[in-house]
Amino acid sequence: MAEDAGASGSNNDGGGIKEQDRLLPIANVGRIMKQILPQNAKISKEAKETMQECVSEFISFVTSEASDKCKKERRKTVNGDDICWALATLGFDDYAAPLKIYLYKYRELEGDKAAANQEQHKDIC
């Protein structure tokens, strides 16, 4: 857990990465955990730290798989499709499908924003 890396939080597993850079902020993890619990529920520090370690490791695991795919395809940029692919490849199909829908809607919205910005720029020039 987080306390295993040392009180200073300066280095972790010999990779030279600071603990604070490797883990998601604990306040954010706690906030997400609280959203699903009853209003009067409490979360121990240990539970937050355990979840913090877990979600950070999960992100690294999925990203590593996506990165390997990109390397094989001689690409440098990991994109949303690569993350969806990695989730499915790693057996997280239940997460990959809704994420693909989110990604499609996100791209649609971003496309609308880009088109609106181009139109606004055209009006100025």
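Below is a summary of the structure that appears in this document.

The rules we used
- Along each chain, the written sequence defines residue order, and numbers are assigned to residues from 1.
- The predicted nature of this model means local features are confined to residues of pLDDT at least 70 and side-chain atom pairs, given and counted, to a pLDDT of 80 or more, with totals for whole chains, interfaces and linings taken over all residues.
- Remark: hydrogens and water are excluded; side-chain values derive from all non-hydrogen atoms of the structure.
- For helices the rule is a DSSP run of H or I covering at least 4 residues; for strands it is a run of E covering at least 2, with both sets numbered from the N terminus onward.
- Classification of residues uses two cut-offs on accessible area relative to the type maximum, computed with a 1.4 Å probe and protein chains only: under 20% is buried, over 50% is exposed, and between them is partly exposed.
- By definition, residues are in contact when any of their heavy atoms lie within 4.5 Å.
- Calculation of accessible area relied on Shrake-Rupley with a 1.4 Å probe; when residues are assessed, cover is drawn exclusively from the protein chains displayed.
- Under the pairing criterion, centres of Phe, Tyr and Trp rings, with the six-membered ring standing for Trp, must be within 6.5 Å; the plane angle then separates stacked pairs below 30 degrees from edge-to-face pairs above 60, leaving the rest tilted.
- Throughout this description, the term charge over a ring refers to an Arg CZ or Lys NZ atom that lies within 6 Å of the ring centre and within 35 degrees of the ring normal.
- Working convention: axes come from line fits to C-alpha atoms, limited for helices to the stretch in contact. Angles between N-to-C directions cover 0 to 180 degrees.
- Working definition: roughly parallel below 35 degrees, roughly antiparallel above 145 degrees, roughly perpendicular at 65 to 115 degrees, and oblique for all remaining angles.
- We call a set of buried Ala, Val, Leu, Ile, Met, Phe, Trp, Tyr and Cys residues a nonpolar core when their side-chain atoms join them within 4.5 Å.
- Without a salt bridge and with relative accessible area above 30%, a residue can belong to a patch; like charges are then joined within 9 Å and nonpolar side chains (Val, Leu, Ile, Met, Phe, Trp, Tyr) within 5 Å.
- Just to be clear on terms, a salt bridge is a Lys or Arg side-chain nitrogen sitting within 4 Å of an Asp or Glu carboxyl oxygen.

**Concerning the overall build of the protein**
And then number 1: Of regular secondary structure, the protein possesses five helices and zero strands.
And then number 2: Ordering the α and β elements of the protein from the N terminus gives α-α-α-α-α.
And then number 3: Burial analysis of the protein (125 residues in total) assigns 18% to the buried set.
And then number 4: Long-range contacts, defined here as pairs at least 24 residues apart, represent 36% of the contacts in the protein between residues at least 6 apart.
And then number 5: As presented, the protein carries roughly 9600 Å² of accessible surface, and 56% of it is formed by carbon and sulfur atoms.

**Comments concerning the packing of aromatic side chains**
And then number 1: Under the definition given, this model contains three aromatic pairs.
And then number 2: Among the aromatic side chains, those forming a connected cluster through ring pairs are Phe-58, Phe-92 and Tyr-95.
And then number 3: Cation over ring: Lys-69 sits above Trp-85, and NZ or CZ is 5.5 Å from the ring centre.

**Observations regarding the packing of helix H3 (residues 45-72) against helix H4 (residues 80-89)**
And then number 1: In contact at an axis separation of 8 Å, H3 and H4 are set at 110° when each is read in the N-to-C sense. The orientation of H3 with respect to H4, classified from their angle, is roughly perpendicular. Facing Phe-58, Val-62, Thr-63, Glu-65, Ala-66, Lys-69 and Cys-70 of H3, the residues of H4 in contact are Asp-82, Ile-83, Trp-85, Ala-86, Leu-87 and Thr-89.

**Focus on the nonpolar core**
The nonpolar side chains of soluble globular proteins are, as a tendency, buried together.
And then number 1: Listed in full, the five residues of the largest apolar core are Val-62, Ala-66, Ala-86, Leu-87 and Ala-96.
And then number 2: Those elements giving two or more residues to this core turn out to be H3 and H4.
And then number 3: Excluding residues that lie within four positions of it along the chain, Ala-96 makes contacts with Cys-84, Leu-87 and Ala-88.

**Describing a nonpolar patch on the surface**
And then number 1: Judged by side-chain polarity, Leu-24, Phe-58, Ile-59 and Phe-61 come together as a nonpolar surface patch covering roughly 330 Å² of accessible area.
And then number 2: For Ile-59, the position within the fold is in helix H3.

**Describing the pattern of salt bridges**
And then number 1: All chains considered together, the criterion is met by seven salt bridges.
And then number 2: As a salt-bridge pair, Arg-22 and Glu-53 come within 2.9 Å of each other at their nearest N and O atoms. Of this pair, Arg-22 sits in helix H1 (residues 19-22) while Glu-53 sits in helix H3; the two residues are 31 residues apart in sequence, bridging distant segments of the chain.
And then number 3: What makes Arg-22 partly exposed here is its relative accessible area of 24%.

**Let's talk about H4**
And then number 1: Among the residues of H4, those classed as buried are Asp-82, Cys-84, Ala-86 and Leu-87.
And then number 2: The positive-phi residue at the C-terminal boundary of H4 is Gly-91, with phi of around 95°.

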